[in-house]
Amino acid sequence: MSPQFSMQTIKSIGLLLCGIVFAVGCSNKAQEDISRITARQTIVRERRDAVREAFRYLPQLIRLDRTTALKEIRYQLMTWSSSVKPSENWKSPAVLESVTPSLRATDFSKRMKSLDFGESECEYLLQCQMLSEVAKWVLELPYRDTLFREWMEQKKRDLSADESLRLESTLKLFDWSIMNVGLVGNPKEVEGLSTNPDLPLSDNGGIYRQLPWQTMMFAQGDRWQRSRLFTQLLFTQGIDSIVLALPSQTGAVENASIRPWCVAVPIGEELYLFEPTWGFPIPSQKDGGIATLREAKADPSVLRRAKLPGQFEYPVEHKDLDTLVALIDCDPFAVGLAMHTLQEALTGGNRIRITMDADQFEGRLLKIDEKLSVRLWNVPWLCYLYNESIRDRLTEQSPFSMQYMEQFGSYIMETPLSRARSLHFKGKFQSSIEEAGALSSYMTVRVDEQTLKELVDDKDLQKEFGIVRGSFETKETFDVRLQLAQRYFRRSKFDVNMFLALCNIDINKPETAIDWLQKRILGSSGSEKWHSHSHYLLGRMYEQTGQWQKAAEEYKFEETAQAAGNRIRLRKLRQLHPDELGTL
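Residues numbered from 1 in each chain as written. Predicted model: local features only at pLDDT ≥ 70, side-chain atom pairs only at ≥ 80, totals over all residues. Heavy atoms only, no water.

Chemist: Let's hear about the pairing of strand β7 (residues 325–328): which residues, and what values?
Modeler: Side chains Val325 and Leu327 of β7 all project onto a buried face; the interleaved residues Ala326 and Ile328 project onto the opposite face, where all are buried too. Two strands pair when backbone bridges link them, and strand β3 (residues 242–246) and β7 are joined in this way by 4 bridges, in the antiparallel orientation. The partner of valine 243 across the bridge, within β7, is leucine 327. Of the pairings in the sheet, the one linking β7 to strand β8 (residues 373–376) comprises 4 bridges and is parallel in character. What sits directly across from isoleucine 328, in β8, is leucine 376. (Buried < 20%, exposed > 50% of the residue type's maximum accessible area, 1.4 Å probe, protein only. Helix = DSSP H or I, 4+ residues; strand = E, 2+ residues; numbered from the N terminus. Pairing = 2+ DSSP bridges.)

If you want it as structure tokens, here you go:
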């Protein structure tokens, strides 16, 4: 071998070796990059799977026996939270300081700065999920309130696309809330403002004894329970709202002294006013639409016309509007670290709104009206504290737990009625090959009296209803279960008549809804708790079908907590249809 050849060979071998080393180095680096990417994707996927599994179990929290579901949800969320960094975009809101120290000292308040998920946080996620599902299909429906439909269309031409959508969404969700929740209380309550509740909690207290999802499930609530369903439906759609309150008559502005008045929703540069006791917006005196706070401050006739001479007084006067407190209606977890961190991780079908920037919202409110005194409302906090006390007390048999289960057991346990309600809230009205719809599911709950009597002794019938005596269950315990089942089906039958009427309203079958309301509720003994709401719904269905005289007669029904609002509605109806109804 010649020296020249040897040198060339050596150079070639050297270049080849360098190429091999370079290639191996590149290959190793590429492989490391691929491994890192794969590992990162695996972690991301596992985090998503954990969140997805947690959300899959949320609907099971409706059941009273939620131990297994809660354990799984907490496990998945805590698995996820232990593998992520806290959100860098979160900070404790300054407006949090407006909450009373006693509430800020509670356990779940302390968790606001951690990534912990307790039962109340899980229930909050359930509520956000349920209300998001409702809002999704409700907003796809046309707006059906004939009294404000034309005004809304005119107003939308003056608003931006975003503001127009917010206005339409607000009106649709307000109308759905009022239609689907019957107001309980005394007709004369409209003449006074209740004092804002505070600690200590009481079973006789108002507002905080139901969470919004429970109010929706029970289909009944007081004026603020029903209003909170409306505001939290808005929240899921990115629309924040406030409760306007007056100081006490002595001028005090502490939580236990102020007096909540109405719901206000900011759209554009205005705050639109909705009267919770009326179940009706406060009418504008200038354009036939909905009054704004700016108009109410400028025009004394707005609140003067809220009175019904000789029938109902109104507790708020024009002079009261100079010192208003703006209560931000958001659940405590919405401003906490855990939900802000989780919000950033939600994707796909699980992507729902669970947080808000309270400080930013406060700034927006003050731009609209700089005289407002803004704070977080304490009522959402009280709702969760009271709900925790309910769960604790239901673990033991007592007069309270027996009474509570008698009234609400069929809604909070896994029952045919709670399953039918869930289908209703998902907008699944008609049956498919895969599953029954809300309409047919409601019908299966309507058990006749003869069948209920036979249930005591007919073992085949008991098996058909899923009531089977356990291997170690005593006869006495089983007999109690049978009696409870009888009472459940007997009570549910009357409730279901109302829910079937509401279903037909939602799917735009007013004539069928009228039939259910007239014959199965107003014409049936045992359904008295639904009578007042049935008169209102009948009025709305007669409006929808152009039967103005019949609608007017229904709104004159006096034995309802919404009597004043129905009369205000009738007054506006007469303004729009003077030929059919005459003038005032």
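There is more to say, and it comes next.
Chemist: Lay out the nonpolar core with the relevant residues and their values.
Modeler: Core analysis: the largest hydrophobic core is formed by 167 residues, its most contacted members being Leu244 and Trp261. Ranked by size, the runner-up nonpolar core spans 6 residues in total, among them Leu455, Leu461, Phe478 and Ala485. (Core = buried A, V, L, I, M, F, W, Y, C linked by side-chain atoms within 4.5 Å.)

Chemist: Could you give me a rundown of the side chain of glutamine 343, with the residues and numbers involved?
Modeler: Positionally, glutamine 343 belongs in helix α12 (residues 337–343). Here isoleucine 354 takes part through its backbone nitrogen, which lies 2.8 Å from a polar atom of the side chain of glutamine 343. The contact partners of glutamine 343, leaving out residues within four places of it in the chain, are Arg351, Ile352, Arg353, Ile354 and Thr355. (Polar contact = N/O pair within 3.5 Å; in protein donor to acceptor, adjacent residues only side chain to side chain. Contact = heavy atoms within 4.5 Å.)

Chemist: I'd like a description of the confidence of the model for the chain, backed by residues and values.
Modeler: Across the chain, the average pLDDT comes to 85, with 88% of residues at 70 or higher. Of all the helices and strands in the chain, helix α1 (residues 3–57) carries the lowest mean pLDDT, 44, while helix α9 (residues 223–236) carries the highest, 98. Segment residues 1–27 is flagged for pLDDT under 50; beyond a separation of four residues in sequence, or across chains, it makes 1 contact in the model. Predicted confidence for residues 37–45 stays below pLDDT 50, and this span has 0 contacts to residues more than four positions away or in other chains. (pLDDT = per-residue confidence, 0-100.)

Chemist: Lay out the packing of aromatic side chains with the relevant residues and their values.
Modeler: Under the definition given, this model contains 22 aromatic pairs. Both rings, one in tryptophan 137 and one in tryptophan 176, keep their centres 6.2 Å apart while their planes meet at 90 degrees; by these two values the pair is edge-to-face. Taken together, the residues span a long stretch of sequence, with tryptophan 137 in helix α5 (residues 119–138) and tryptophan 176 in helix α7 (residues 161–180) at a distance of 39 residues. Taking 5.1 Å as the distance between ring centres and 75 degrees as the angle between the ring planes, the aromatic pair formed by phenylalanine 174 and phenylalanine 230 counts as edge-to-face. Taken together, the residues phenylalanine 174 in helix α7 and phenylalanine 230 in helix α9 connect sequence positions 56 residues apart. With respect to class, phenylalanine 174 is no different from phenylalanine 230; both count as buried. Counting every residue linked through ring pairs, the aromatic cluster contains Phe218, Phe400, Tyr404, Phe408, Tyr411, Tyr442, Phe499 and Trp530. Directly above the ring of phenylalanine 494 sits lysine 493, whose terminal nitrogen or CZ lies 5.7 Å from the centroid. Directly above the aromatic system of tryptophan 516 lies the positively charged group of arginine 520, at a separation of 4.6 Å from the ring centroid. (Phe/Tyr/Trp six-rings, centres within 6.5 Å; stacked < 30°, edge-to-face > 60°. Lys NZ or Arg CZ within 6 Å of the ring centre and 35° of its normal.)

Chemist: Which residues make up the packing of helix α22 (residues 531–544) against helix α23 (residues 548–555), and what are the values?
Modeler: Relative to each other, α22 and α23 sit at 165 degrees, their axes nearing to 8 Å. Here α23 runs roughly antiparallel to α22, going by the angle between their axes. Every pair of crossing elements has a handedness; the one defined by α22 and α23 is left-handed. Seen from α22, the contacting residues are His535, Tyr536, Leu538, Gly539, Arg540, Tyr542 and Glu543; seen from α23, they are Trp548, Lys550, Ala551, Glu554 and Tyr555. In the contact of α22 with α23, the residues fall into 6 nonpolar, 2 polar and 4 charged. (Axes fitted to C-alpha atoms, helices over the stretch in contact; angles between N-to-C directions. Parallel < 35°, antiparallel > 145°, perpendicular 65-115°, else oblique. Left-handed = near helix turned anticlockwise from the far one by under 90°. Nonpolar A, V, L, I, M, F, W, Y, C, P; charged D, E, K, R; others polar.)

Chemist: So what's going on with helix α13 (residues 358–368)? Residues and values would help.
Modeler: Considered for burial, the residues of α13 that qualify are Ala358, Phe361, Leu365 and Ile368. Each buried residue of α13 sits inside an arc of 75 degrees when the element is viewed along its axis, so together they form one side. Across α13 from its buried face, at more than 90 degrees, point the exposed residues Gln360 and Lys367. In this fold, the buried residues of α13 make contact with β3, β4 (259–267), β5 (270–275), α10 (293–298), β7 and β8. A side-chain oxygen of the first residue of α13 lies 3.3 Å from the backbone nitrogen of aspartate 359; this N-cap is aspartate 357. (Arc of directions from axis to C-beta.)

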